[in-house]
Amino acid sequence: MSELDSIKKASDTHEGPTNGAGGPQHFYGAGYPAHFHHVPPHHMQHSPPPVYQKDERTQRQYSKLKQKLERKHNNRNNGIEVNNSGASTPSLSPRKELNGRGESSGGSGGASSGAWSEGEGSSAGASVQGDDENDTQALLDLLSATRTPQVSDMTPTSALVQWNSPLPEGVNLPNVDLTYDLLLGDRKRYKAIYSGPSLSCRVRDLRPGCEYSVCLQIRAGEVTGAASEAATFRAPAAPPDRLPAARVVQRTRSSLLLRWASAADNGARVTHYVLEMDSGDGFKELTRPRTRQHTVNNLRPQTRYRFRIAAVNQCGRGEWSDEAVVWSAGSPPPAPAPPALLTAASTSLALGWERSAAEEFTLQMDDFARGHGFLPVYSGSECAYVCEGLRRATDYRFRLRCENVDGQGPWSTEVSYRTLPERPYPPGRPATRGKIHSRAFRLRWEPPTEDGGAAIESYTLELDGGEGYKCVYRGPEREALCDRLLPGQQYQARVRCSNVAGDSDWAHSDAVLVTDAAPPSFCAAPQLVSEPRATQVSVRWESPDCIGGSPLTQYRLDLTDMDGVLRLAYAGLDTEAIIRELIPGREYKVWVTPCNKVGSGPPSPLLKFTTACAPPDAPEAPVVEVLSPRIVRVQWTAPANNGSPIADFRLEASAANVDYAEVYRGLETVCTVTNLTPFTPYFFRVRACNAAGRGAWSAARDALTPRAPPAAPAGLRHDATADSMRLHWRVPECHGAEVLRYRVEVDDAAFETEGATPERLVEGLAPDTVYRVRVAAYNELGLGDWSEEASAATRPRPPDPPVLRCAQAAHNHLRLEWDAMEGAQYCVEMRAPDAREFRPVYRGCAHSCKVKKLREATSYTFRIRASDERGGRGAWSAGTVVRTAAAPPPAPPAPCVTLLPPRAALVSWEPVDDADYVLQCARGKEAVFKEVYAGAASQFQLEELEHGAELALRVCAVRAGLAGAWSGAARAHVPVAPPPARLRKPRAARALSPRHAALLMAAGFLLLAVLVAVLVQRLVEPRP
């Protein structure tokens, strides 16, 4: 027997779900569709793995299978292969390849030697081929014996499908993985929805209320088993789908007939529809029709209404449809206002008008020149129109009319609008008239060939001398004098004309106009680039406004002092120069003269300046004398002033020889520096300043201040309760000695901390009281400075919890009340019977709350606490137990009536948990129901019914004295009584004839003889 036969035998003997190696895997298989997904193990409801009791035969088969697998593994490690066709085949196929076995005939040790002879290979191949056929058949039988998958956790659009592995726990196929194919059937058509190693699958995108079937097929490599039996299930029903928007079938001044299409009921019959209307103040329910149309009456004429519809079945109401906007009928519109002119152009007019309702407009136009009268130019719902293709500077008449579903209105009053003229053509090109001078010339031009329908109002002449065109003339004349020009400059001219429609294009001159050259003009007075220094100054000047039409050759910069000595300071083309070798504190005069090839221009205005004084030299390093831990005295010697009296000395200090800060400024050469930090090195430097500026810094001198008591703590804060407060502060500077403890003063009481911890808890305080608090630190040198005095207040006592009471109890909610307190916030918590802890159900400042979504006839425990902004949260109240009321039972479905002959009927209905029933019956067309049964049974038999009668039966459930709604009425018709049968005369009993009696006696004796013979034969027959 092969290992697959052993597996199949074990699988047939031990059935049940397994959660071992063949359990659900946490990954998706290949080709897994997007709308199906694997369910995590914590969502599955598997039963625990069964304990298999193996009999002796199964135990032997399992041992043989285990030994066989071990031999295969050893042969594969020794390099032994068995091929059926002499070629290698895929290892995943159990029919084509098996590992070599470690057995050999005659005990030759073939497994250990690793070499086979030709005969031995043939014999082994035949043996393996036979095992392959048996293994494949056993594998097919194993995969075909698949149990029906189980369906659970169903919703209207999804369901969870689970199945078991065919292999017993702890048994695996060698080199083969099982693949599960799940098939979904809809109307007897199956399709694959999942393929993979998992034992569960979530099926989605189902249709509510539809019946489906699923079956399972298992594959092991290339071997595929038969499909399992189909498991049929029906998806639960759901609310109806969304309806399309309602449409208007008929409309009047006071009514609207609405009709809508049907929607998918999703497995439950649509009972009615909900129609809502919005007349301007929001949607309100209008009616609940059972048909798919409804007439809305009592409406206002020519009014806008909005409607929406939703379908309702036993599962609830579906989504609202899209809104349908409808107008009721009205009167024809009145005459509108005449169209207004929006914009006018030379070939078009843009007209506009206002809309008062949903209307169509007709616009007509009258052209005087053509003489055809008013003709329509636009018809539509827009409130604007552009009339194009018109003639320039022409008058047109217009009128407007409105039209709606109720008819056409009268024409508006007539209005007349005029198109605009066009721009004129450009005038003639400008040309010179007379001689061109160095600073002026005269230009003339011809009028345009086309004025655009309007008279020319003015001409504009512009010149471009290299800086862009600038206007030089504007007026009605066709000739202009251009003066104030630059010598030797090239000019371009252009001219244009204008009328009421706008400006024409530019007309440019044919040639470039050039003026004669001249000497340059004078420059502006030179300017100082910066303040004059002691021995030099930087001067800058601007180029002349006019260079005379010839390039500049140089600038001459002349300098003279108070003694009148003249010298050339600079000559060149730059417009900036540095004058050196000056005397500090002297006054100088300087001017500049431009030159070109024609000659030198006039000199510029004079610039007067005085050279500055030099800053003082750097002093020697200061002398530092330490007076106390916080005070030092610094002295220094005054340096040379470099020609200007010293204005002040500036002393700076630093604790790290970087980022110096000024500590003194004045004329004294000694300074006392206070407010220093004890046990800290300081560096000092000094410099002198005069009118010329600040001198250089002296060399730095350092000094170390001695140790001292700690500094004052900072950042004092507190956390207060009603009778205590915890004080916190930042650790102060120790000033060279470690802080040992702190001293805390609260009003007149003093406390000390244990060690150097920067906090202290002060207890025994009065509630809602303000205290004065300050802190100081101790070290081995004594008590340090006190911190700034702060105010700390204790909190008032928290409010007591109010008394919680039940104001209203229903089957699914409770209303709780309590006495209100001013400025208090409340928190209410609830604990269900099956819960361990309380959970909050309300937070707020109201004195009542409503707890919803509760179970009927169930006791709940509630507690409450109050809190305010100053006192904080109070204590919880004692638990208050409140019980919900019992709910009336639901209405059962219509009863089922079964007629029984001759005049009885069996009435049955679906049972309701823990309820009694009342059955009523109405006979004929009276529709008056009378009670015929009251009890706990879910069926009742009516007796002695009237032939041909029509019955109407209904039932309701009663639980704990509360009666539910009546079910729908079930109707039954008792058959008409059959016609009376004809009476036949009874026949007299016929006596048995002697012949018949003799035959019966003979048959009886024959049967008795046969029985006796059989009995005797069994008695005399020898036993084995």
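Overview of the structure.

Re the sheet that holds strand β61 (residues 814-817)
Note: strands within a sheet are paired through backbone hydrogen bonds, in either parallel or antiparallel orientation. With antiparallel pairing, the three strands of this open sheet are ordered in space as β60-β61-β64. Pairing within the sheet leaves two strands with one partner each, and these edge strands are β60 (805-809) and β64 (848-851). Geometrically, the sheet is characterised by an average inter-axis angle of 25 degrees between neighbouring strands, direction not taken into account.

Some details on the side chain of Asp186
Within the element layout of this structure, Asp186 appears in the loop between β6 (178-185) and β7 (190-196). Within the structure, the side chain of Asp186 is placed 2.6 Å from the side chain of Arg207, a separation counted as a polar contact. The contact partners of Asp186, leaving out residues within four places of it in the chain, are Arg207, Glu211 and Tyr212.

As for the environment of Lys608
For Lys608, the position within the fold is in strand β43 (residues 607-610). Under the relative-accessibility criterion, Lys608 is labelled exposed at 53%.

A closer look at the pairing of β7
Two elements, β6 and β7, share six bridges in a ladder whose sense is antiparallel. By the bridge assignment for β7, Leu184 is matched with Lys191. Connecting β6 to the next strand, β7, in antiparallel fashion are four residues, including Arg187 with a positive phi near 60 degrees.

Focus on the sheet that holds strand β16 (residues 293-296)
The three strands lie next to each other as β12-β13-β16, forming an open sheet whose pairing is antiparallel. In this open sheet, the two strands that pair with only one neighbour each are β12 (247-251) and β16. Within this sheet the neighbouring strands show an average axis-to-axis angle of 25 degrees, counted without direction. For β12 and strand β13 (residues 256-259), the ladder comprises four bridges, and the chain directions are antiparallel. Note on β13: the bridge partner recorded for Arg251 is Leu256.

Focus: unusual backbone geometry
Negative phi is the rule for most residues except glycine; trans is the rule for most peptide bonds. A positive phi angle is found at Asn298, which is not glycine, with a value near 60 degrees. Looking at where Asn298 falls in the secondary structure, it is placed in the loop between β16 and β17 (304-313). Given a relative accessible area of 78%, Asn298 falls into the exposed group. Even without being a glycine, His735 presents a positive backbone phi close to 60 degrees.

Quick notes on the pattern of salt bridges
Within this structure, the stated rule accounts for 43 salt bridges. Residue Arg397 is joined to Asp366 by a salt bridge in which the shortest nitrogen-to-oxygen separation is 2.5 Å. Here Arg397 is found in strand β25 (residues 395-404), whereas its partner Asp366 is found in strand β22 (residues 360-367), with 31 residues between them in sequence. As a salt-bridge pair, Glu450 and Arg392 come within 3.2 Å of each other at their nearest N and O atoms. With Glu450 in the loop between β29 (441-444) and β30 (458-464) and Arg392 in the loop between β24 (384-388) and β25, the pair connects residues that are 58 residues apart, well separated along the chain. For Arg392, a relative accessible area of 31% gives the class partly exposed.

Rules used throughout
- Residues numbered from 1 in each chain as written.
- Predicted model: local features only at pLDDT ≥ 70, side-chain atom pairs only at ≥ 80, totals over all residues.
- Heavy atoms only, no water.
- Pairing = 2+ DSSP bridges.
- Helix = DSSP H or I, 4+ residues; strand = E, 2+ residues; numbered from the N terminus.
- Axes fitted to C-alpha atoms, helices over the stretch in contact; angles between N-to-C directions.
- Polar contact = N/O pair within 3.5 Å; in protein donor to acceptor, adjacent residues only side chain to side chain.
- Contact = heavy atoms within 4.5 Å.
- Buried < 20%, exposed > 50% of the residue type's maximum accessible area, 1.4 Å probe, protein only.
- Salt bridge = Lys/Arg side-chain N within 4 Å of Asp/Glu carboxyl O.

Structural measurements only, silent on function.
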